[in-house]
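For reference, the chains in residue letters:
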Amino acid sequence: MPLVAAMLTRSNGAWKKATSVVQASICRDQQRPNHTTITSVTSVSQRRHFSSAENGAKPSRSHPSAAEAKQKRESDREFLISVLESSATKRDAKAYLQTYGSSKAKAVPKESQAFTALVSDKAIPEAKDVSFFVQGSVPVEFLEADEVPRVAIVKLREPQTWDDTLLGGVAKTLTRLRDLGLRSVIVLECSAEKSSVLDWKDVVTQQTDRLQKAIQKYGTPGAELVDGGIWKRSTTPPSASSLGHTKLSVGFGEAFTAPLRHGHILVVPSRAVVEETLEHTAADANEVIFALAKYFAGLQVNAGQNQTRTAVVDRVIIIDPFGGIPARNLGDGARVFINLEEQFNSIKATLGAAEPQDNGSPIPGISGNPKASHIENLELVKNILAILPSTASAIITSPIEAANLQSNPAYDIRRDAEEAMAGEVKTRRWQNPIIHNLLTDRPIYSASLPIGRIKSTTNGRYQRSSRMPTTTLAKKGLPVTIFPDTRTRSWQPPKPGTPRLNLTDTCVDLPRLIHLINDSFDRKLDAEHYLNRVQDSLAGIIIAGEYEGGAILTWERPFGLDEETAYNSGRLVPYLDKFAVLKKSQGAGGVADIVFNAMVRDCFPNGVCWRSRKDNPVNKWYFERSRGVRKLPGSNWAMFWTTPEAAVKDQVMEDYEDVCRGVVPSWADSKAAD
């Protein structure tokens, strides 16, 4: 059942409260005084010229027509539904409010109020003390001069190939991000025929104007054009970061920071002012984006001195007609999540080794080819996230998903040939991956979710979706350490009498491993008992980051079998003995997904089993990632497995059940076993 339907059924009061908040705040403050736009600045002494936002679209002061008012109400209703459908947990809601909520009641973005209304009653116990839930019309938050805005740097690739509906949908999404507290700095990448410089200038001018008008339809403050804030020097300017050397830098920071403080969305064409000649020249969009990231992060060096951070870059968003980074096992779909620390090199190698394609694009009017575009996007997000806080993330998606358009033959395109998919016309709304990520810091689909479990919802029933998502979420991520090493082959049952890994080996930081288990399970491990129990059965361990998450796996023998017999008959059972994530890392950063994927992809690709208490709240997560589950009669255990066709193999199921019943817990307390 969709979240909206569930709330209508179970919590009509919460729905009414949230609706009333949004309805009360639909009318924006039309009496807000005009703000001075950033005008051209000329410094004769420095011989530098800054062209900026004087060409930005100006908000209309006339009252909206009846049709515009109706469109506005429908748009706000759609937005409320997208918030309700985000499937945000209590932890997600609390994290969102702590990051994007304001301690000032008068300064809360109006949609934050709706989100607060949904979670304030029961979801967050502390919400009763939150001082920023207000009723009534609230304009977009204005920041004081010393406040640092939270921003998303957005790249729009080939917007000249998007029709007005597509561009309008993307503009609406970016406006909604602003309403939720994240302000966008949009960099346009427009290609044109190389035979004429005028052709390129015309395309850039046309698309910046087109985008400004599209954003302006969704309220004020609208978009500001910043057309002279990026400089290009003949030599590479100094930087506090050794990554991504570029001749571009931010020359006039106030052209960016002032309109951001006033709530504007910035539009930045991919061109720069040549410092020596003061002329505009074409600039690589990726270099513009990197220069902006360095400036906002305080890594640009001016006059030999480092500057302070001018904005918090929370997201890097790339909206590319080719969509996210492709995954071979997802057909037309993209990789849901990328742990750059672990996966960058392998994914880049895979993309580079893909079958060669024509130099021409499979999408009419779009330059380049998918493979080159995917590699370029992957390298861009890696370089930018390397200089941003670990909490920052990148989203690579298609214009169709960014606009959250319903499935339509005109927009439902394939990744390989980008052709219309016959028989895929549906009426279901898809969740907006960008809005969902802002509210939850997660992709719509979990990275460890099997492909068969990516579902669409129709009339309250789950069905397998044949239209795969084309959005990739990337994070700086965590390194994954696996003992024994799986880079040559997956784990195999050890021959009796051969040396094997032990938790007391020097490669394992046992005190940190024990702390991880104690913190995750919220109880104390009987370390001596546990070490003795797994000494002769340990298969290996998986460690994410600095022991932020991990798993301990064993080879277990069914009852009555000695090690020699179990090995020779192939009946050693691959068993997940401990799966742990530090409390501070639970629900964030995809740590659990990273560990689980390493287990089923690298360590035990042919299957593994484990047990969990029947009333364990994590069972839903386990169930979605398993091939099957069986409640063990006469016990409080539920047994899970990922082994293909295990359910039709009686001997396998008997061995799995025997092991899951027979493992002795190793806790220092007297509570029921986990």
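Please refer to the structure placed before this passage.
Predicted model only: the values in this text are computed from it and were never measured.

**Description of the sheet that holds strand β7 (residues 248-250)**
Alright, step 1. Here we have 4 strands laid out as an open sheet, ordered β7-β6-β9-β10, and mixed in their pairing. Of all strands in the sheet, those with a lone pairing partner are β7 and β10 (280-282), marking the two edges. When strand polarity is set aside, the average angle formed by the axes of neighbouring strands in this sheet is 45°.
Alright, step 2. Bridge analysis of strand β6 (residues 230-232) against β7 gives 3 bridges, and the strand direction is antiparallel. Its bridge partner being in β7, I230 is matched across the sheet by V250.
Alright, step 3. Sitting on the sheet, helix α9 (residues 285-296) touches β6 and β7, and the angle it makes with β7 is about 40°.

**Focus: the pattern of salt bridges**
Alright, step 1. Using the criterion set out here, one finds 31 salt bridges in the structure.
Alright, step 2. Residues participating in the shared-partner salt-bridge network are K155, R157, E189, D320 and E376.

**Here's the deal with the nonpolar core**
Soluble globular proteins tend to bury their nonpolar side chains together.
Alright, step 1. Grouped together as the largest cluster of nonpolar side chains are 68 residues, with contacts concentrated most on L156, I186, I542 and L553.
Alright, step 2. Of all the elements, helix α17 (residues 591-603) adds the most residues to this core, at 7 residues.
Alright, step 3. If we skip the residues at most four places from it in the chain, L553 touches W491, L538, A539, G540, I542, Y575, L576, D577, M599, F604 and V608.
Alright, step 4. Judged by nonpolar contacts, the second largest core, of 48 residues, contains V187, I230, V250 and V268.

**What about the packing of aromatic side chains?**
Aromatic rings considered in pairs are described by the distance between their centres and by the relative angle of their planes.
Alright, step 1. Tallied over the full model, the rule gives 13 aromatic pairs.
Alright, step 2. Ring geometry for F579 versus W621: centroids 5.9 Å apart, planes at 40°, classification tilted. Here W621 lies in helix α18 (residues 619-625) and F579 lies in strand β22 (residues 573-581), a separation of 42 residues in the sequence.
Alright, step 3. The class of F579 is buried, set by a relative accessible area of 12%.
Alright, step 4. Residues F596 and W610 carry aromatic rings whose centres are separated by 6.0 Å and whose planes lie at 80° to one another, so their mutual orientation is edge-to-face. Separated by 14 residues along the polypeptide, F596 in helix α17 and W610 in strand β23 (residues 609-613) bring together distant segments of the chain. There is no split in this pair, since F596 and W610 are both buried.
Alright, step 5. Aromatic rings pair up to connect F579, F596, W610, W621, Y622 and F640 into one cluster.
Alright, step 6. Above the face of the W637 ring, R611 is positioned so that its terminal group lies 3.9 Å from the ring centre.

**Quick look at helix α15 (residues 527-534)**
Alright, step 1. For α15, every residue scored as buried is listed here: Y530, R533 and V534. The buried residues of α15 all sit within an arc of 80° when viewed along its axis, so they share a single face.
Alright, step 2. Close packing links the buried residues of α15 with β20 (538-544), β21 (549-556) and β22.

**Some remarks on helix α6 (residues 164-179)**
Alright, step 1. Taking 1.5 Å per residue, 16 residues should reach 22 Å; α6 reaches 22 Å between its end C-alpha atoms and fits that length.
Alright, step 2. Most of α6 is tucked away: 14 of the 16 residues are buried.
Alright, step 3. Backbone nitrogen of T165 and a side-chain oxygen of the N-cap are separated by 3.2 Å at the start of α6; the cap is D163.
Alright, step 4. G181 occupies a position one or two residues after α6 and carries a positive phi of about 110°.

**Concerning the packing of helix α4 (residues 90-100) against helix α13 (residues 433-440)**
Alright, step 1. One can describe the packing of α4 onto α13 by two numbers: an axis separation of 7 Å at closest approach and a directional angle of 90°. By the angle between their directions, the pair α4 and α13 is classed as roughly perpendicular. Here D92, Y96 and Y100 of α4 come into contact with α13, specifically with L438, L439 and T440.

About the cut-offs
Residues numbered from 1 in each chain as written. Predicted model: local features only at pLDDT ≥ 70, side-chain atom pairs only at ≥ 80, totals over all residues. Heavy atoms only, no water. Pairing = 2+ DSSP bridges. Helix = DSSP H or I, 4+ residues; strand = E, 2+ residues; numbered from the N terminus. Axes fitted to C-alpha atoms, helices over the stretch in contact; angles between N-to-C directions. Contact = heavy atoms within 4.5 Å. Salt bridge = Lys/Arg side-chain N within 4 Å of Asp/Glu carboxyl O. Core = buried A, V, L, I, M, F, W, Y, C linked by side-chain atoms within 4.5 Å. Buried < 20%, exposed > 50% of the residue type's maximum accessible area, 1.4 Å probe, protein only. Phe/Tyr/Trp six-rings, centres within 6.5 Å; stacked < 30°, edge-to-face > 60°. Lys NZ or Arg CZ within 6 Å of the ring centre and 35° of its normal. Arc of directions from axis to C-beta. Expected span 1.5 Å × (residues − 1). Polar contact = N/O pair within 3.5 Å; in protein donor to acceptor, adjacent residues only side chain to side chain. Parallel < 35°, antiparallel > 145°, perpendicular 65-115°, else oblique.

Any functional reading would require information that these geometric values do not contain.
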